[in-house]
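Topology and contacts: notes
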Amino acid sequence: MVVGAGYAGLAAAHALNKAGLDFVVLEAASRPGGRIRNYLPSTGEYDVVSDSAVEVGGTFVSPSHTALLTFAADFGVPPFNTSRRVRPLLDGARVTEPADAYPWWYWGVDTESSMGSSVLHTQDGTVTFSTPQQLRSQLKGRPVFVELEAAGKVMETSIAPLSCEAADDLWPDFDGITFEGWIRQHVQHEEGRNVLRAMCRGMIAQEPAQVSFLSTAKSLKGCWSAGDDDQYRMRGGSQAPLLAATKALGASKVRLRSAVRSIRALSGAEGAAHGGRMAEEPLEEAKKKIKPRYEVSTADGGVWHARYVIATGSPPALLGISMPASLPSADAQLLQRMPMGESAKLFFFYTSAWWRAEGLSANVLATDGYTACMDHSAYDATNGGAALMCWLEGATNLAFFDAPNATKVREDVLTFLQTSLNGDKRVRAYTSHVALNWPDDKFARGAYTGFFTPGVQSQPHFWGAFARSEKMPGLFVAGADYYAGLGNGYMEGAVRSGEAAAATCVQRMAMRS
Ligand SMILES: Cc1cc2nc3c(=O)[nH]c(=O)nc-3n(C[C@H](O)[C@H](O)[C@H](O)COP(=O)(O)OP(=O)(O)OC[C@H]3O[C@@H](n4cnc5c(N)ncnc54)[C@H](O)[C@@H]3O)c2cc1C
């Protein structure tokens, strides 16, 4: 039994299917994808596979995200190169130029469309640049950025000995403060502090006052992803592999609108009594021998029995499921200690990407931390898919969606964009706009991922619970929010942990036959 049809759940299902096991995916929403969603601006439809679609959720893929790229390839979805660091697709090589040449605090994009001039609004005026070197030379000698460089050196030295995996002596120190605490200790200029606050919003979709410094340090060290995060996107949109997988598996295997309400551990006698209704036996004759261990109930009254359950979903989503009473307390407690970030993308769509012809990348950052914007056009930008997109994250997200006047706040963003794009009036000539606020999605309750507040990761019981996917015999928790080695918080982490849980089930079943 698999709960959830996001990347983790469908990667698990695909692996079980390849191994020839019987299974069912129960998905609460009326669509597969979870925190991944395509949107077709020309029709206003969601969940459509098209080169003219944009992604309102997860989008970018690093070359190191090989599990995700392989899963997408299995469903005929190729990546396309969005990076200006032009190089053969999937060559496996690491590049250091020019992305690594940006200042350490720079959290703008490095996509192909950013070949044109980018904009950084500072308190001393606006800086335009097309290369990291130009950005550096324009900021040279300005006290705020000199101080940020010095803080960057301190950061580099402190995170060098940090271990990603095993708790070391640094963990309690780093986990004892928030990133805001570190910022206040090492940066005195308020503008410099705001730059790092905006960086934190870009990294974790959350304010640094909420995030453990240990988490920030791990992100900067590359513990969760091996860089070049914006190298690729997927043809047809990042929901394309998930829609294709759902279609290939069929409606009897992926059951939409099936919200799981409870997972109950069956006693031995109950398991024996339910021996006839299973979801994962490989062979007809094995069916009689294998006893289910869990009863899974759905909101529509469905009751399922399974020997293995792979539960995916954000921590708040899993907290909404009544779990077995014998779930280890460290796991139950950990889920309560992993809040979600606040993230939304505000898109404005145009009939053409007119800014490109003006030599503008539309890559805009501001040191007051209000917002950051980029060219987020579809692969094919000619069919209404030309898009300017501004991130609404952390406090910016709350301010935007809590504002009494939605038109006014949208106007404010447009004014910011227009000022950034040389006052061009075409900014206001958009054909439509859209913003899906992930904290409002009742099955995710936030994005990009569950994050750590101070004092959680360095507590060995919580780290142990985070790192252990199998919570009770045969009950797995998988997904981007949980430990996956590389790719935590990313689509990659979701695929890896879903596949790993499925592999264990396959192995156990093989041992039985
Ligand atoms: C705005 C935004 C930008 C992002 N950018 C990127 C990016 O550029 N690159 C990247 O790699 N990642 C990005 N991410 C993160 C990425 O989208 C997620 O990490 C990943 O999609 C999570 O996959 P998952 O399968 O673990 O969880 P989910 O996608 O949340 O899937 C869980 C599924 O379980 C279902 N579910 C929940 N509760 C129940 C229940 N009770 N019963 C049945 N089903 C249930 C949900 O409906 C959902 O379909 C971004 C996310 C957002 C929102």
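Anything mentioned here points back to the structure above.
**Describing the overall build of the protein chain**
Per the secondary structure count, the protein chain includes 18 helices and 21 strands. Relative to the compact-globule value of 24 Å for 513 residues, the protein chain shows a C-alpha radius of gyration of 23 Å, a close match. Across its three principal directions, the C-alpha atoms of the protein chain cover 75 × 55 × 50 Å. The proportion of buried residues among the 513 residues of the protein chain is 58%. Partitioning the intrachain contacts of the protein chain with sequence separation of at least 6 by distance along the chain shows that 73% fall at a separation of at least 24. Accessible surface, the protein chain as shown: approximately 19900 Å² in total, 54% of it carbon and sulfur. Of the side chains in the protein chain, 48 bear a positive and 52 a negative charge, and the two mean positions are spaced by 5 Å.

**Here's the deal with the state of the cysteines**
Under the defined criterion, the tally for this structure stands at two disulfides. Covalent S-S linkage joins Cys 164 and Cys 223, the inter-sulfur distance amounting to 2.0 Å. Residues Cys 164 and Cys 223 are joined through a disulfide that is left-handed, its torsion about the S-S bond being -75°. Residue Cys 164 is found in the loop between α4 (143-159) and α5 (170-175), and its partner Cys 223 is found in the loop between α8 (213-221) and β9 (232-234); the two are separated by 59 residues along the sequence. Between the sulfur of Cys 373 and that of Cys 390 lies a disulfide, 2.1 Å long from S to S. Torsion about the S-S bond of the Cys 373 and Cys 390 cystine: about 100°, corresponding to right-handed handedness. Separated by 17 residues along the polypeptide, Cys 373 in strand β17 (residues 372-375) and Cys 390 in strand β18 (residues 386-393) bring together distant segments of the chain. The buried category is assigned to Cys 373, whose relative accessible area is 2%.

**Here's the deal with the environment of Asn 405**
If you trace the backbone, Asn 405 turns up in the loop between α15 (395-402) and α16 (406-420). For Asn 405, a relative accessible area of 41% corresponds to the partly exposed category. Taking the C-alpha atoms as reference, Asn 405 lies 46 Å from Trp 304; in sequence the two are 101 residues apart. In terms of polar contacts, Asn 405 uses its side chain to reach the backbone amide nitrogen of Thr 407, at 3.1 Å.

**Points about α8**
Every buried residue of α8 is accounted for by Phe 213, Leu 214, Ser 215, Thr 216, Ala 217 and Lys 218. Looking at the packing, one finds that the buried side of α8 touches α4, α5, α6 (179-186), α7 (190-204) and α17 (460-467). The positive-phi residue at the C-terminal boundary of α8 is Gly 222, with phi of around 85°.

**Brief notes about the packing of helix α13 (residues 329-336) against α17**
Contact geometry for α13 and α17: axes closest at 9 Å, N-to-C directions at 90°. Taken together, the axes of α13 and α17 lie roughly perpendicular to each other. Residues Ala 330, Asp 331, Gln 333 and Leu 334 of α13 form the contact with α17, whose own contacting residues are His 461, Phe 462, Ala 465 and Phe 466. Taken together, the residues of the contact of α13 with α17 sort by class into five nonpolar, two polar and one charged.

**Structural notes on empty space enclosed by the protein**
Take a probe with the size of a water molecule and roll it over the atoms, and the empty space left behind shows itself. Taken as a whole and assessed by the stated rule, the structure comprises three cavities of 30 Å³ or more. Of the volumes computed, that of the largest cavity is approximately 90 Å³. If you trace the largest cavity, you find it lined by Met 323, Leu 327, Asp 331, Leu 334, Leu 335, Ala 465, Phe 466, Lys 471, Val 477 and Tyr 482. Elements that contribute at least two residues to the lining of the largest cavity include exactly α13 and α17. Among the elements that take part in the lining of the largest cavity, α13 stands out by supplying three residues, more than any other. Classifying every residue of the lining of the largest cavity by side-chain character gives eight nonpolar, no polar and two charged.

**Structural notes on the sheet that holds strand β4 (residues 45-46)**
Across the sheet, three strands lie side by side as β4-β3-β5; this open sheet has antiparallel pairing. Taken across any chain shown, the strands that pair with only one partner, and hence form the sheet edges, are β4 and β5 (54-55). By the bridge criterion, two bridges tie strand β3 (residues 38-40) to β5 in an arrangement that is antiparallel. Its bridge partner being in β5, Tyr 39 is matched across the sheet by Val 54.

**Let's talk about helix α3 (residues 132-139)**
The periodicity of an α-helix, 3.6 residues per turn, causes residues three or four places apart in sequence to face the same way. Where α3 is concerned, the buried positions are Pro 132, Leu 135 and Leu 139. For α3, the arc enclosing every buried residue in end-on projection is 65°, short of the 170-degree limit, so these residues lie on one face. Packed against the buried residues of α3 are β7 (117-122), β8 (125-129) and α4. Looking one or two residues past α3, Gly 141 carries a phi angle of roughly 85°, positive in sign.

**Structural notes on the packing of aromatic side chains**
A full pass over the atoms with the stated rule returns 25 aromatic pairs. Ring geometry for Phe 347 versus Phe 349: centroids 5.5 Å apart, planes at 5°, classification stacked. Both residues of the pair, Phe 347 and Phe 349, count as buried. Through a chain of ring-to-ring contacts, three or more aromatic side chains come together here, namely Trp 104, Phe 174, Phe 179, Trp 182 and Phe 213.

**Thoughts on the site of the ligand**
In the vicinity of the ligand lie 36 residues, with Glu 27, Arg 35, Phe 60, Val 260 and Ala 480 positioned nearest. Phe 60 has a polar backbone atom sitting 2.8 Å from an oxygen atom of the ligand. The backbone of Val 260 places a nitrogen or oxygen atom 2.9 Å from a nitrogen atom of the ligand. Across the complex, the protein chains shield 96% of the 1000 Å² of accessible surface that the ligand would expose by itself.

**A short note on the environment of Ala 151**
Mapped onto the secondary structure, Ala 151 falls in helix α4. In this structure Ala 151 touches Trp 104, Trp 182, His 186 and Val 187, once residues within four positions along its chain are discounted.

The rules behind the values
- Residues numbered from 1 in each chain as written.
- Predicted model: local features only at pLDDT ≥ 70, side-chain atom pairs only at ≥ 80, totals over all residues.
- Heavy atoms only, no water.
- Helix = DSSP H or I, 4+ residues; strand = E, 2+ residues; numbered from the N terminus.
- Rg over C-alpha atoms; globule rule 2.2 N^0.38 Å.
- Buried < 20%, exposed > 50% of the residue type's maximum accessible area, 1.4 Å probe, protein only.
- Contact = heavy atoms within 4.5 Å.
- Areas by Shrake-Rupley, 256 points an atom, 1.4 Å probe, with all protein chains shown as cover.
- Lys, Arg positive; Asp, Glu negative; His and termini not counted.
- Charge placed at Lys NZ, Arg CZ, Asp CG, Glu CD.
- Disulfide = S-S within 2.5 Å.
- Polar contact = N/O pair within 3.5 Å; in protein donor to acceptor, adjacent residues only side chain to side chain.
- Axes fitted to C-alpha atoms, helices over the stretch in contact; angles between N-to-C directions.
- Parallel < 35°, antiparallel > 145°, perpendicular 65-115°, else oblique.
- Nonpolar A, V, L, I, M, F, W, Y, C, P; charged D, E, K, R; others polar.
- 1 Å grid on protein atoms, 1.4 Å probe; cavity = no way out; pocket = protein on both sides within 12 Å on 5 of 7 lines; lining within 4 Å.
- Points joined across faces, edges and corners; volume = space filled by probe spheres on them.
- Pairing = 2+ DSSP bridges.
- Arc of directions from axis to C-beta.
- Phe/Tyr/Trp six-rings, centres within 6.5 Å; stacked < 30°, edge-to-face > 60°.
- Near = heavy atom within 4 Å.

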